[in-house]
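What follows is the residue order along each chain.
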Amino acid sequence: MLKLYDQTFNSHLLIGTALYPSPRIMQDAIRASGADIVTVSLRRETAGGKTGDAFWSLIRELGVTVLPNTAGCRTARDATTTAELARELFATPRIKLEVIADDETLQPDLIGLVEAATALIKDGFEVLPYTTEDLGTAMRLVEAGCRVVMPWASPIGSARGITNRAALKLLRQRLPDITLIVDAGLGAPSHAAEALELGYDGVLLNTAIAKAADPVAMAGAFKLAVDAGRAAYEAGLMGPRDFASPSSPVVGTPFWHAVS
Amino acid sequence: MVLIVNGERRETGATRIGVLLAELEFAGKQLAIAVNRGVVPRARWGDVELRDGDMIEIISPRQGG
């Protein structure tokens, strides 16, 4: 089960709704992923008002929970206003909080993020902050009242997987009661499995599925990986060892005492 | 009067959000509105008076990650 504040969800996979080759493939990929939660953004409506409505009806057909984001916001002020618009638009207190520092790397602005998270939590929001693997920032977000923290694996859309495994492991150890979701940078199902094996509660994916040659099949592959990773974590992985240890019994090995 | 609607200047006689939305053919759509960066709940779209130079953001759901 994935816990987001007071609500629980079956799937440990959260999926984005952008970059698919067609609306139909988006819907099929979301279904194949088994995700209960999909991320959406907010943008200015265009002439005639058809763009938002057309997309929104596709999402409603899926019967999934919507997690709006503040993608594109560069200041805490823009992010908090966008969150307020999201609450109005989607009637949810949940917000994936992004405050971006750098357009090239989409590196989060950690200072603006903590500032915005603090204000939004006070205003009754359930904040899911997109951050780096930095423990200090994660702890500040938790102090501000965040019950979920979403560190990146690597930059958004880079498909590089987990680049700082030790830091993600440390976050898990130091924040045992917080829901941790790896958000951004995963490129392959094995990356997602690794995050779940580390004890992460979930992964948030978009580009790796939407930009696959067959997004629907890839969504299914990520579902299998997430389920496998979670099952492995719950089963208790053995730790690594420095030396070999034979798996077949030593006692009774044929010719062991043979005299030459 | 002139309103700044989604970043563009617009000459209009609309002094209420509901009237402006009808003028833009946005009525009945899934939208959220901010006037001068303050969110105006749907229930108040008929009450809030728009003034010359106001900045209106008309926002709808879109694909996102």
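Being a predicted model, the structure only gives us computed values, none of them experimental. (Residues numbered from 1 in each chain as written. Chains lettered and ligands numbered in written order. Predicted model: local features only at pLDDT ≥ 70, side-chain atom pairs only at ≥ 80, totals over all residues. Heavy atoms only, no water.)

Asker: It is not clear to me how the overall build of chain A should be interpreted in this structure. Could you clarify?
Answerer: Helix and strand content of chain A: 9 helices and 10 strands. Dimensions of chain A along its principal axes, counting C-alpha atoms only, are 90 × 40 × 35 Å. The proportion of buried residues among the 260 residues of chain A is 52%. A sequence separation of at least 24 residues applies to 66% of the contacts in chain A between residues at least 6 apart. As presented, chain A carries roughly 12200 Å² of accessible surface, and 54% of it is formed by carbon and sulfur atoms. Each charge sign in chain A was given a centre, from 24 positive and 29 negative side chains, and these centres are 1 Å apart. (Helix = DSSP H or I, 4+ residues; strand = E, 2+ residues; numbered from the N terminus. Buried < 20%, exposed > 50% of the residue type's maximum accessible area, 1.4 Å probe, protein only. Contact = heavy atoms within 4.5 Å. Areas by Shrake-Rupley, 256 points an atom, 1.4 Å probe, with all protein chains shown as cover. Lys, Arg positive; Asp, Glu negative; His and termini not counted. Charge placed at Lys NZ, Arg CZ, Asp CG, Glu CD.)

Asker: Would you take a moment to explain unusual backbone geometry for this structure?
Answerer: Residue and element names in this part refer to chain A. One non-glycine residue, Leu106, lies in positive phi territory at about 55°. Relative to the helices and strands, Leu106 is located in the loop between strand E6 (94–97) and helix H4 (110–122). Backbone geometry places Ala184, a non-glycine residue, at a positive phi of 95°. Structurally, the position occupied by Ala184 is in the loop between strand E9 (179–183) and helix H7 (189–197).

Asker: Even after reading the chapter, I still don't get the interface of chain A and chain B, so can you show me in this structure?
Answerer: Accessible area lost when the parts come together is the quantity often used to give the size of an interface. Across the contact, 32 residues belong to chain A and 25 residues belong to chain B. Taken together, the two surfaces of chain A and chain B that pack against each other cover about 2500 Å², and 54% of this comes from carbon and sulfur. The three residues of chain A that bury the most area against chain B are Arg44(A), Glu88(A) and Leu89(A), which together make up 26% of that side's buried surface. Viewed at the interface, chain B and chain A are joined by 2 salt bridges. Here Asp78(A) and Arg37(B) are joined by a salt bridge, their closest N and O atoms 2.5 Å apart. For the interface between chain A and chain B, the tally reads 18 residue pairs in polar contact (both at pLDDT 80 or more). For the side of chain A that touches chain B, the secondary-structure elements that each account for two or more residues are strand E4 (37–44), helix H2 (50–62) and helix H3 (76–90) of chain A. Its residues assigned to classes, the side of chain A that touches chain B comprises 10 nonpolar, 12 polar and 10 charged. Relative to strand E5 (residues 55–63) of chain B, E4(A) is paired through 5 bridges, and the arrangement is antiparallel. (Buried area = accessible area lost by both parts, 1.4 Å probe. Salt bridge = Lys/Arg side-chain N within 4 Å of Asp/Glu carboxyl O. Polar contact = N/O pair within 3.5 Å; in protein donor to acceptor, adjacent residues only side chain to side chain. Nonpolar A, V, L, I, M, F, W, Y, C, P; charged D, E, K, R; others polar. Pairing = 2+ DSSP bridges.)

Asker: Please clarify how the packing of aromatic side chains should be interpreted in this entry.
Answerer: Ring pairs (aromatic) are described by centroid distance and by the angle formed between their planes. Within this structure, the stated rule accounts for 1 aromatic pair over all chains. Note that Lys96(A) overlies the ring of Tyr130(A), its terminal NZ or CZ placed 5.9 Å from the centroid. (Phe/Tyr/Trp six-rings, centres within 6.5 Å; stacked < 30°, edge-to-face > 60°. Lys NZ or Arg CZ within 6 Å of the ring centre and 35° of its normal.)

Asker: Is there a simple way to think about the packing of H3(A) against H4(A) in this case?
Answerer: The axes of two packed helices give the description: the angle between them and the distance between them. Residue and element names in this part refer to chain A. H4 packs onto H3 with a crossing angle of 35° between their chain directions and a minimal axis gap of 9 Å. H4 is crossed by H3, and the crossing has right-handed handedness. On the side of H3, the interface is formed by Ala76, Ala79, Thr80 and Ala83, while H4 contributes Gly112, Glu115, Ala116, Ala119 and Leu120. For the contact of H3 with H4, a count of residues per class yields 6 nonpolar, 2 polar and 1 charged. (Axes fitted to C-alpha atoms, helices over the stretch in contact; angles between N-to-C directions. Left-handed = near helix turned anticlockwise from the far one by under 90°.)

Asker: Can you help me understand the pattern of salt bridges in this one?
Answerer: Side chains carrying opposite charge are able to pair once their charged atoms draw close together. Residues and elements named next belong to chain A. For the coordinates displayed, the defined rule picks out 14 salt bridges over all chains. Here Lys96 ties to Glu98 by a salt bridge, and the two come within 3.4 Å at their closest N and O atoms. For Glu98, a relative accessible area of 5% translates into the label buried. Note that Asp227 is salt-bridged to Lys223, the shortest N-O span being 3.0 Å. Of this pair, Asp227 and Lys223 both sit in helix H9 (residues 215–235), 4 residues apart, which is roughly one turn of the helix. Among the ionic contacts, a cluster of salt bridges with common partners joins Arg24, Asp28 and Arg31.

Asker: Teacher, can you tell me more about the packing of helix H5 (residues 135–144) of chain A against helix H6 (residues 165–174) of chain A here?
Answerer: Residues and elements named next belong to chain A. Closest axis-to-axis distance for the H5/H6 pair is 10 Å, and the angle between their directions is 30°. Classified by the angle between their axes, H5 and H6 sit roughly parallel to one another. In this structure, H5 meets H6 at a crossing whose hand is right-handed. Contacts between H5 and H6 pair Leu135, Ala138 and Met139 from the former with Leu170, Leu171 and Arg174 from the latter. Looking at the contact of H5 with H6 residue by residue, the classes come out as 5 nonpolar, no polar and 1 charged. (Parallel < 35°, antiparallel > 145°, perpendicular 65-115°, else oblique.)

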